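# Structural overview for review
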Amino acid sequence: SWSRSARISLALWAAGTGLAGLCAPGPAAGEVHHVAAGDSITAVLLRAQPGDTLRLSGDYRERLVIDLRVTLAGDGTARILGSYEGTVVHVTAPGTVLEGLEIAESGPHLTKDMAAVLVEADDVTVRGCSIRESLHGIYVKGGNRAQILANRVQGREDLIESDRGNGIHLWNSRQNRVEGNEIFQVRDGIYFSFAHETEIRDNHIHHVRYGLHYMYSNDNSFSDNLFEHSVAGAALMYSERITFERNTFARCRGFRAYGILLQSM
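The structure reproduced in this document is the subject of the present report. Note that the structure is a prediction, hence the values are computed from the model and not measured.

We now examine the nonpolar core. Core analysis: the biggest nonpolar cluster contains 51 residues, and Leu-56, Leu-72 and Leu-98 have the highest contact counts within it. If we skip the residues at most four places from it in the chain, Leu-56 touches Val-35, Ile-41, Leu-72, Ala-73, Gly-74, Asp-75, Ala-78, Ile-80 and Leu-101.

This is the structure:
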């Protein structure tokens, strides 16, 4: 089941800005395209315009490149399945929104940065999604101001820990918000590398190697997160001006277990 923090965040989103609002786009919204289960999402994207919404229901077995600012919105049953080949959803358009989707079955090759969701654009939102059977879950690669909210990210149990990807991976990125997510059975829960000015709050990360793995990243804040049942709650290296408030590091177990490990900070 989803963690308490993820359920609360998802409920608040749905009540305040989400599912009810999706039923009736405002006057400034673009066209709404209903994509039937099994139809090609890519074919609809080719004729869509910036600001349009694609509503999904049921299963879609394809890999997507989203190079146009759109919203992909699921109804709670929508699944985008990548058949274990490559990245499932690759976002290159600034302002894209993914919400209410299950995204699964990415390819297995770490050297090719395969992920359920690969973000290479600014101002992208991934909200209320279920990520499973993924290598990396959500990989923000060079994009800024990503909003990663109330998602559930589960890695591949069939792979040994060293062959798994990270739940949320941030690289060469800044001014992101990661809130209300549950992350488990991945290699590292949240991985930072050259990622700055980011807010991490109210996440539940468990049954991973390091809940937070972190290097060369400055001016970030962490509050009200729960890191538990891992080898280390957090491993932080070569970074400055980090704020930790009201986080819990619990039940770290292993040959080299730590609650918080600091090196050259």
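So, on to the environment of His-204. Residue placement: His-204 occurs in strand E21 (residues 204-206). Take His-204: its relative accessible area is 14%, and that puts it in the buried class.

Turning our eyes to something else, we now look at the sheet that holds strand E28 (residues 258-263). Taken in spatial order, the nine strands line up as E4-E7-E10-E13-E16-E19-E22-E25-E28 in an open sheet, and their pairing is parallel. Bordering the open sheet on either side are strand E4 (64-66) and E28, each of which pairs with just one other strand. Within the sheet, the average angular offset between the axes of one strand and its neighbour, ignoring direction, is 10°. Two elements, strand E10 (residues 115-119) and strand E13 (residues 136-141), share four bridges in a ladder whose sense is parallel. Looking at E13, one finds that Leu-118 is bridged to Tyr-139.

Let's shift gears to the packing of aromatic side chains. Per the counting criterion, the structure on display carries eight aromatic pairs. Judged by centre distance (5.3 Å) and plane angle (15°), the rings of Tyr-216 and Tyr-238 are stacked. Residue Tyr-216 is located in the loop between strand E22 (210-215) and strand E23 (221-223), and its partner Tyr-238 is located in the loop between strand E25 (232-237) and strand E26 (243-245); the two are separated by 22 residues in the primary sequence. Between Phe-244 and Phe-249, the ring centres sit 6.2 Å apart and the planes meet at 55°, which makes this aromatic pair tilted. On the accessibility criterion, Phe-249 (23% relative accessible area) is partly exposed. Linked through ring pairs, Phe-192, Tyr-214, Phe-222, Phe-227, Phe-244 and Phe-249 together constitute an aromatic cluster. We note Arg-209 situated over the ring of Tyr-210; from NZ or CZ to the ring centre the distance is 4.8 Å.

Time to look at a nonpolar patch on the surface. A cluster of nonpolar side chains, Trp-171, Phe-194, Tyr-216 and Tyr-238, forms an exposed patch at the surface whose accessible area comes to about 390 Å². With respect to the helices, strands and loops of the structure, Phe-194 is situated in strand E19 (residues 188-196). The class for Phe-194 is partly exposed, based on a relative accessible area of 42%.

What counts, and at which threshold
Going along each chain's sequence as written, the residues are numbered from 1 onward. Per-residue local features of the predicted model are confined to residues with pLDDT of at least 70, and side-chain atom pairs are confined, for both listing and counting, to 80 or more; whole-chain, interface and lining totals are unaffected and use all residues. Side-chain descriptors were evaluated using all non-hydrogen atoms of the structure, hydrogens and water having been removed beforehand. Residues enter a nonpolar core if they are buried and are Ala, Val, Leu, Ile, Met, Phe, Trp, Tyr or Cys, with the set joined through side-chain atoms within 4.5 Å. In this scheme, a residue with accessible area under 20% of its type's maximum is buried, one over 50% is exposed, and one in between is partly exposed, where area comes from a 1.4 Å probe on protein chains only. Working rule for contacts: check all heavy atoms of both residues, and any pair within 4.5 Å makes them a contact. Numbered from the N terminus, helices here are DSSP runs of H or I no shorter than four residues, and strands are runs of E no shorter than two. Strand pairing is assigned whenever DSSP identifies at least 2 bridges connecting the two strands. Under this scheme, a helix contributes an axis fitted over its contacting stretch, all axes are lines through C-alpha atoms, and angles between N-to-C directions fall in the 0 to 180 degree range. For this analysis, a ring pair means two rings from Phe, Tyr or Trp (six-membered ring only for Trp) whose centres lie within 6.5 Å, classed as stacked if their planes differ by under 30 degrees, edge-to-face if by over 60, and tilted for the remaining angles. Any Lys NZ or Arg CZ found within 6 Å of a ring centre and within 35 degrees of that ring's normal is scored as a charge over the ring. Exposure above 30% relative accessible area and the absence of a salt bridge qualify a residue for a patch, where like charges join within 9 Å and nonpolar side chains (Val, Leu, Ile, Met, Phe, Trp, Tyr) within 5 Å. All accessible areas in this document rest on Shrake-Rupley with a 1.4 Å probe, and a residue is counted as covered only by the protein chains that are shown. Whenever Lys or Arg places a side-chain nitrogen within 4 Å of a carboxyl oxygen from Asp or Glu, that contact is recorded as a salt bridge.

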